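Working through the structure, step by step
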Amino acid sequence: MLRVVHYLNQFFGGLGGEDKAESGPGAHEGPAGPGRAIQNALADRGSVVATIVCGDNYFAENIEKASEEIIELIRGLQADLFIAGPAFDAGRYGIACGAICQAVIQKLGIPAVTGMHAENPGLDLYRRDVYIVSTADSVRGMNDAIAKMAKLSLKLAAGEKIDKPSVEGYFSRGSLANEVSDRTGAERVVDLLLQKLSGSPFETEVPRPAYDRVAPAARIDNISQAVIALMTDGGLVPKGNPDGIETRTATRFGKYSFKGQDTLYPEDYEVAHLGYDSVFVRQDPNRLTPVDTMRQLEKEGLIGKLHEEFYSTTGVANIVETMSRLGKQMAEQLKAEGVSGVILTST
Amino acid sequence: MRLELHNVQIRDIRFGNTTRIQDGALSINRNELRTLLEKDRRFGQVDIELARPGEKCRIFRVADVLEPRAKMETGGEDFLTFAEKHSSTGVGKTCALKGAAIALIDLRKKGGVGGGAAPRDDIIDMSGPAAEFSEYGKMFTVALLPQPKEGVAATEYLAALKLAGLKASAYLARVGESVPADETEVYDLPSLTDMAGGAEGLPKITYIYQILSLQYEPIPGEPTLFHRQAEGIMPTILHPNQVLDGAITSAFPGLNTQTYRIQNHPIIKELYKRHGKDLCFAGVIVMVAHNNVADFDRMANIAAGMAKWVVGADGAVLTKTSGGAPELAMARTAQRCEQLGVKTALAMLHMGADYKDAKFGALTIFDIPEVDAIVSMGFPYMKLTLPPVERTIGYVGHTPGEPPPEGELEKPLGSLCGSLCQLGSSHLTAIRY
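Residues numbered from 1 in each chain as written. Chains lettered and ligands numbered in written order. Predicted model: local features only at pLDDT ≥ 70, side-chain atom pairs only at ≥ 80, totals over all residues.

**A word on the overall build of chain A**
Each helix and strand in chain A was counted, giving 11 helices and 13 strands. With respect to the principal axes defined by its C-alpha atoms, chain A has extents near 80 × 55 × 40 Å. For chain A, the proportion of its 347 residues judged to be buried stands at 41%. By sequence separation, contacts in chain A at least 24 residues apart represent 73% of the contacts at least 6 residues apart. (Helix = DSSP H or I, 4+ residues; strand = E, 2+ residues; numbered from the N terminus. Buried ≥ 20, exposed ≤ 12 C-beta atoms within 10 Å, placed from the backbone. Contact = placed C-beta atoms within 7 Å.)

**Quick notes on the overall build of chain B**
Scanning chain B from terminus to terminus reveals nine helices and 23 strands. A compact globule built from 433 residues should have a C-alpha radius of gyration of about 22 Å, and chain B, at 21 Å, falls within 12% of that. A principal-axis box enclosing the C-alpha atoms of chain B has dimensions of 60 × 55 × 40 Å. Each of the 433 residues in chain B was classed as buried or not, and the buried ones make up 57%. The contacts in chain B between residues at least 6 apart in sequence include a share of 81% that link residues at least 24 apart. (Rg over C-alpha atoms; globule rule 2.2 N^0.38 Å.)

**Describing the nonpolar core**
Grouped together as the largest cluster of nonpolar side chains are 149 residues, with contacts concentrated most on Leu144, Ala307 and Leu346 of chain B. If one sorts the elements of this core by residue count, helix 3 (residues 154-174) of chain B sits on top with 13 residues. Ignoring sequence-local partners within four residues, the contact set of leucine 346 of chain B consists of Leu318, Met330, Ala334, Val371, Ala373, Ile374 and Val375 of chain B. Core analysis: the next-biggest nonpolar cluster, separate from the first, contains 52 residues, Cys54, Leu81, Leu123 and Tyr131 of chain A among them. (Core = buried A, V, L, I, M, F, W, Y, C linked by C-beta atoms within 7 Å.)

**Some words on the interface of chain A and chain B**
Opposite the 49 residues of chain A that make contact, chain B presents 56 residues. Within the residue set of the side of chain A that touches chain B, elements represented by two or more residues are strand 7 (176-180), helix 8 (185-198) and helix 11 (320-336) of chain A. Broken down by element, the side of chain A that touches chain B gets its largest block of residues, 11 residues, from helix 8 of chain A. Grouping the constituent residues of the side of chain A that touches chain B by class yields 23 nonpolar, 11 polar and 15 charged. Bridge count between strand 7 of chain A and strand 23 (residues 428-432) of chain B: five bridges; the pairing is antiparallel. Each bridged residue has a counterpart across the sheet, and for alanine 177 of chain A the counterpart in strand 23 of chain B is isoleucine 431 of chain B. (Nonpolar A, V, L, I, M, F, W, Y, C, P; charged D, E, K, R; others polar. Pairing = 2+ DSSP bridges.)

**Some remarks on the sheet that holds strand 18 (residues 343-348) of chain B**
Residue and element names in this part refer to chain B. If you trace the six strands from one edge of the open sheet to the other, you get 15-16-14-17-18-19, paired in mixed fashion. On the outer flanks of this sheet lie strand 15 (236-238) and strand 19 (374-376), each paired with one strand and no other. Strand-to-strand twist in this sheet, taken as the mean axis angle between neighbours without regard to direction, amounts to 25°. Note that strand 14 (residues 204-213) and strand 16 (residues 280-289) share eight bridges and pair parallel. In the sheet register, serine 213 faces strand 16, and the bridge partner there is alanine 289. (Axes fitted to C-alpha atoms, helices over the stretch in contact; angles between N-to-C directions.)

**Focus on the confidence of the model for chain B**
Averaged over all residues, the pLDDT of chain B equals 91, while 92% of them reach at least 70. Taken together, the chains of this predicted complex give a pTM of 0.86 and an interface ipTM of 0.95. (pLDDT = per-residue confidence, 0-100.)

**A few points about the pairing of strand 4 (residues 81-84) of chain A**
Residue and element names in this part refer to chain A. Residue alternation in strand 4 divides its side chains into two sets, Leu81 and Ile83 and Phe82 and Ala84, and both sets are buried. Pairing geometry for strand 1 (residues 2-9) and strand 4, over four bridges, is parallel. Among the inter-strand pairings, histidine 6 is bridged to a residue of strand 4, identified as isoleucine 83. Where strand 4 meets strand 5 (residues 112-116), three bridges bridge the pair, whose relative direction is parallel.

**Some points on the environment of aspartate 56 of chain A**
Residue and element names in this part refer to chain A. Take aspartate 56: it is sitting in helix 2 (residues 56-61). Residue class for aspartate 56 comes out buried when judged on the 23 C-beta atoms lying within 10 Å of it. Taking the C-alpha atoms as reference points, aspartate 56 and lysine 20, 36 residues apart in sequence, are found 8.6 Å from one another.

**Examining the packing of helix 8 of chain A against helix 7 (residues 266-274) of chain B**
Put simply, helix 8 of chain A and helix 7 of chain B touch, their axes get as near as 8 Å, and they point 50° apart. With respect to each other, helix 8 of chain A and helix 7 of chain B are oriented oblique. In the packing of helix 8 of chain A onto helix 7 of chain B, the handedness of the crossing is right-handed. Side by side, helix 8 of chain A and helix 7 of chain B meet where Ala186, Glu187, Val189 and Val190 of chain A of the first sit next to Pro266, Ile267, Glu270, Leu271 and Arg274 of chain B of the second. (Parallel < 35°, antiparallel > 145°, perpendicular 65-115°, else oblique. Left-handed = near helix turned anticlockwise from the far one by under 90°.)

**Some points on the packing of helix 1 (residues 30-38) of chain B against helix 3 of chain B**
Helix packing for two helices is described by the angle between their axes and how far apart those axes are. Residues and elements named next belong to chain B. Interhelical geometry of helix 1 versus helix 3 gives an angle of 145° and a closest axis separation of 10 Å. Note on packing geometry: the crossing formed by helix 1 with helix 3 is right-handed. Between helix 1 and helix 3, the residues in contact are Leu33, Leu36 and Leu37 and Ala164, Lys167, Ala168 and Tyr171, respectively.

**Quick notes on the sheet that holds strand 11 (residues 124-125) of chain B**
All names here are of chain B. With respect to topology, three strands assemble into an open sheet ordered 11-6-21, the strand pairing being mixed. If you trace the sheet from one side to the other, it starts and ends with strand 11 and strand 21 (391-393), each paired once. Judged from the two bridges that link them, strand 6 (residues 57-59) and strand 11 form a sheet pairing that is antiparallel. In the strand pairing of strand 11, isoleucine 59 is matched with isoleucine 124.

**Re helix 8 of chain A**
Residues and elements named next belong to chain A. A rise of 1.5 Å per residue sets the reference length of helix 8, with its 14 residues, at 20 Å; its end C-alpha atoms lie 20 Å apart and thus fit the reference within 8%. Counting buried positions along helix 8 yields 10 of 14 residues, so the element is predominantly enclosed. Residues Gly185, Ala186, Glu187, Arg188, Val189, Val190, Leu192, Leu193, Leu194 and Leu197 constitute the buried set of helix 8. Glycine 199 sits one or two positions beyond helix 8 and adopts a positive phi of about 85°. (Expected span 1.5 Å × (residues − 1).)

What follows is the structure, encoded as structure tokens:
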């Protein structure tokens, strides 16, 4: 029978409410609170031998130290399987569940499962490393969460193949696999369309991504005083690509000065980008990064000043996380350099 | 419009004194074919190599694959299936050599075992795991290797390469005309105005088909649509038989789409199969994927309006071509269809997806609520280990430091010609765990 250790915060562990949130971790024999339902769900395949209870604030304020203390507690219990929560939409609790599961997997090498709501901040921090079961936002989803967590835990402990997220009820961890369907793409797309037309429920194979919505910055009121910068994801770099910007899925950007120049000269630049035909840019880099036109507007007084470095990276086949990070870094530097507006050119 | 395919099954391939088919064996007069292709002044010498299924042979730098086809009973009017005049494209009889393929080898570049940073689907293994993923590894293959003539521009060479494929296609398939067919396939579909006769109760389905992406500069003179470069076209209605019978070739660099697939278009064949049973196949709308927002919108509006008001479609299947940007053009077109009341389903490869992107879990680069029915046909980054081979075709100019081309190679699916397909031939589907 599997030896299972369960983790709860002060509230679910029965210590008390916010007033006990500073409590350090402690191990108690047998199941407690939701652990009893977990014990029922595991039935004769596992035994909840101990429950570790820790205050949310204690954990949140000392994540590394608290993790180490909890790992030591679990180590002494010879656990085969670790279950944390479910945390529902409780943020500090969710982060604690995710962090401890991650530590258990990495340091103790045993499977660990937790559960939380899609909006829990713990989700994006730990979903790559930890199976996190999707739960309701509150304790009314307890039964459903525990059923899914117990089932998934037992599969993991038995080394069985874990089915796709929609079947098992966990949040995808990001890895992508090509699998073989019983029908060709052509057969499936026609089936899908006919299903949709018949008005019966249909299941897309590709879920809609949840891209962040970005609120545009406030407009520039006094453009004739503004410092405007140029930025591109078209991969324009000085000859030799000094920052080694990758030609696809770039992880970095560069800033390149054209101080004192009214234009960009083709002999000074190359293009590090594999997603478009760059011949016209190489003939005249101003086609991508219009320094010549901006200098003209600067002379006419339409803008205050052209920032004398352009920012460049490569957008091809890139991922949102990387581009968000680069974007933030670029924005911070532009602000620090006193730039009031930026023109982005894409390809 | 009625098209009959006179299918001759090829079971072996060899060089011989006469180009002919005997007992399923295609014999080729190497010199005659070479002379025919060398008439093109954009080429120097044209080599021809053969490869058989199961052989430990690896073909590099495959730019396109075609099925040998020739029009029959045209009174000698046209020489090519892909005739310049296109007087009979989609009607009458066409001879097809099944199980045979012509591989066009682009000899402009040297080396390339390691591949560039961007994988091109340009390798065919005739055995091993790659041949399991790609049906081109299971074909009796005639590889054409034309040397570019000194001073000939890349675009001129590529246009000539495509034309050489079409010439060889007709040259080889012509010898199948006098051989009894192993199988006859008939594609018969009335005009749009007669279409619903007897099929009023069935949903009218059109296929909106991107045939070219302007991500890359189109090659002047490359025959891609009715022997012209399709670059400037507005969305256009075609009869599906015209697509099957040589109206369209895969425009370079046709990522994961070869002319062979268009000749055997999986979605068109599927719609045909179900015509009169589950649906009424209401034509094909071909369009170009543009590279700017104004044209995305313009072309989407035209194509969707055509589906709604000209074709009268209830539903549309959409596919894309090439890499990431055409995905946006496809999605925009689907959205416009939905807004006009034409229901849509899309099938796509995830060229823009990255397996590392857990947070967004994104398999599309668009996020449009109306576009809610999408079939996944896989992603290109899955790695495959290709075992060593005994000989290679199309590999020239080994670069020092590169692994030997005959050796074991690790390659992503996206490098293996025919393993992925934008037009629905494969069984692959991407699942995010």
